[in-house]
Amino acid sequence: MPDSLRPAVILLSGGLDSATTLAIARHEGFRPYCLSFDYGQRHRAELTASRRVAQAQGAAEHRIVRLDLAQFGGSALTDRNIDVPVDGVQPGIPVTYVPARNTIMLSLALAWAETLGCRDIFVGVNAVDYSGYPDCRPEYIAAFEAMANLATKAGVEGEHLSIHAPLMSLSKADIIRRGTALGVDYSVTVSCYQADDEGRACGVCDSCRLRHEGFAAAGRADPGPLQGR
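Not measured: the values here are computed from a predicted model.

### Points about the overall build of the chain
The secondary structure content of the chain amounts to seven helices and five strands. When the helices and strands of the chain are read in sequence order from the N terminus, they spell out β-α-β-α-β-α-β-α-α-β-α-α. Expected size for 229 residues packed as a compact globule is a radius of gyration near 17 Å; at 17 Å, the chain falls within 12% of this value. By principal-axis analysis of the C-alpha atoms, the chain measures approximately 55 × 40 × 30 Å. Scored against the burial criterion, the 229 residues of the chain give a buried share of 48%. In the chain, 73% of the contacts between residues at least 6 apart in sequence involve partners at least 24 apart. Of the charged side chains in the chain, 22 are positive and 26 negative, and the gap between their average positions amounts to 4 Å.

Listed below in structure tokens is the structure:
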């Protein structure tokens, strides 16, 4: 990958959306520095998936930052005493919402971007086929970008910082079509909220349902492994 490419920090969970976002950043001519988080999530298989995705797509660097959001709890993803919902996507904000997760992760991505001297951060949030998280909306991304340009040395010195959310208005099927066209190998991604240690999906949590419906609407079979299959 040429050193002349513009650097960008990519938030990479190891799931379908972030893998597609990474591919889009590369396609747009950015040199990707991928950032993942070990934050106490129950679906730790996604961290292994993030390594596979970063390697497969030729990231310039991939870092995994350790946090402990489980000490606060408040989410089915960080507190094993709270069950992951399996009855389909319901109205309202589900218990799989992790308080302030995207704000924390984007803030750390912003810190790394400043030290790298890059002005672009990519995040795979989506406000069409999603679980209703408040930190996945376009208003939130716009507000964070405004804050980033007020709160950083780069911003106040006139180096505009941009938060890219290329999937924001796409359906899950459109995301899959876009990623497929860019050569994303979705078999190495993990989307499930309660995947087992081998990365096999439960097939019934909100994330699994959205992924399954997306592949069906795109006219493709999901190449990811399922538990019990």
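Additional details are given in the paragraphs that follow.
### Focus on helix α4 (residues 138-151)
The end-to-end C-alpha distance of α4 is 20 Å, a good match for the 20 Å that 14 residues give at a rise of 1.5 Å each. Turning to α4, its buried residues are Y140, I141, F144, A148 and N149. Taken down its axis, α4 places every buried residue within 165° of arc, on the same side. Within α4, the exposed residues directed more than 90 degrees away from the buried face are E139 and L150. Looking at the buried residues of α4, the elements they touch are α3 (101-116), α5 (153-156) and β5 (162-164).

### A closer look at helix α6 (residues 172-181)
Among all positions of α6, only K172, A173, I175, I176 and G179 are buried. One face of α6 carries all of its buried residues, which in axial projection span an arc of 160°. On its buried face, α6 sits against α1 (16-27) and α7 (206-217). One or two positions beyond α6, positive phi appears at G183, with a value near 85°.

### Digging into the sheet that holds strand β1 (residues 6-11)
Strand pairing within a sheet occurs via backbone hydrogen bonds; the two strands may be parallel or antiparallel. The sheet built from five strands is open, its strands ordered β3-β2-β1-β4-β5 with parallel pairing. Only two strands of the sheet have a single partner each, and these edge strands are β3 (61-66) and β5. Between one strand axis and the next, the sheet turns through 25° on average, direction left out of account. Pairing of strand β2 (residues 30-38) with β3, which is carried by six bridges, proceeds in the parallel orientation. The residue bridging C34 from the neighbouring strand is H62, located in β3.

### Focus on the pairing of β2
Counting buried positions along β2 yields nine of nine residues, so the element is predominantly enclosed. As judged from the six bridges shared by β1 and β2, these two strands associate in the parallel manner. Paired with V9 across the bridge in β2 is Y33. Crossover connection from β1 via α1 to parallel β2: handedness right-handed. Regarding topology, helix α2 (residues 45-56) serves as the crossover connection from β2 to the parallel β3, and that connection is right-handed.

### A closer look at the side chain of R42
Position of R42 relative to the elements: it lies in the loop between β2 and α2. Within the buried core, R42 has no salt-bridge partner, and the shortest N-O distance to an opposite charge, that of D83, equals 5.7 Å. Polar side-chain contacts of R42 include one of 3.0 Å to the backbone oxygen of I82. Leave out the neighbours within four places in its chain, and R42 touches A76, L77, D79, R80, I82, V84 and Y193.

### Things to note about the packing of α1 against α6
Put simply, α1 and α6 touch, their axes get as near as 9 Å, and they point 45° apart. In terms of their interaxial angle, α1 and α6 are classed as oblique. Helix-helix and strand crossings are classified by hand; for α1 and α6 the assignment is left-handed. Residues L16, D17, T20, I24 and H27 of α1 form the contact with α6, whose participating residues are K172, I175, I176, R178 and G179.

### Thoughts on the packing of aromatic side chains
Two aromatic rings are characterised by how far apart their centres lie and by the angle between their planes. Counting across every chain of the model gives five aromatic pairs. With a centroid separation of 5.1 Å and an interplanar angle of 70°, the aromatic rings of F30 and F122 are classed as edge-to-face. Of this pair, F30 sits in strand β2 while F122 sits in strand β4 (residues 120-122), and the two are 92 residues apart along the sequence. By the burial criterion, F30 is buried, and F122 matches it.

About the cut-offs
Residues numbered from 1 in each chain as written. Predicted model: local features only at pLDDT ≥ 70, side-chain atom pairs only at ≥ 80, totals over all residues. Heavy atoms only, no water. Helix = DSSP H or I, 4+ residues; strand = E, 2+ residues; numbered from the N terminus. Rg over C-alpha atoms; globule rule 2.2 N^0.38 Å. Buried < 20%, exposed > 50% of the residue type's maximum accessible area, 1.4 Å probe, protein only. Contact = heavy atoms within 4.5 Å. Lys, Arg positive; Asp, Glu negative; His and termini not counted. Charge placed at Lys NZ, Arg CZ, Asp CG, Glu CD. Expected span 1.5 Å × (residues − 1). Arc of directions from axis to C-beta. Pairing = 2+ DSSP bridges. Axes fitted to C-alpha atoms, helices over the stretch in contact; angles between N-to-C directions. Right-handed = clockwise from strand over helix to strand, strands pointing away. Salt bridge = Lys/Arg side-chain N within 4 Å of Asp/Glu carboxyl O. Polar contact = N/O pair within 3.5 Å; in protein donor to acceptor, adjacent residues only side chain to side chain. Parallel < 35°, antiparallel > 145°, perpendicular 65-115°, else oblique. Left-handed = near helix turned anticlockwise from the far one by under 90°. Phe/Tyr/Trp six-rings, centres within 6.5 Å; stacked < 30°, edge-to-face > 60°.

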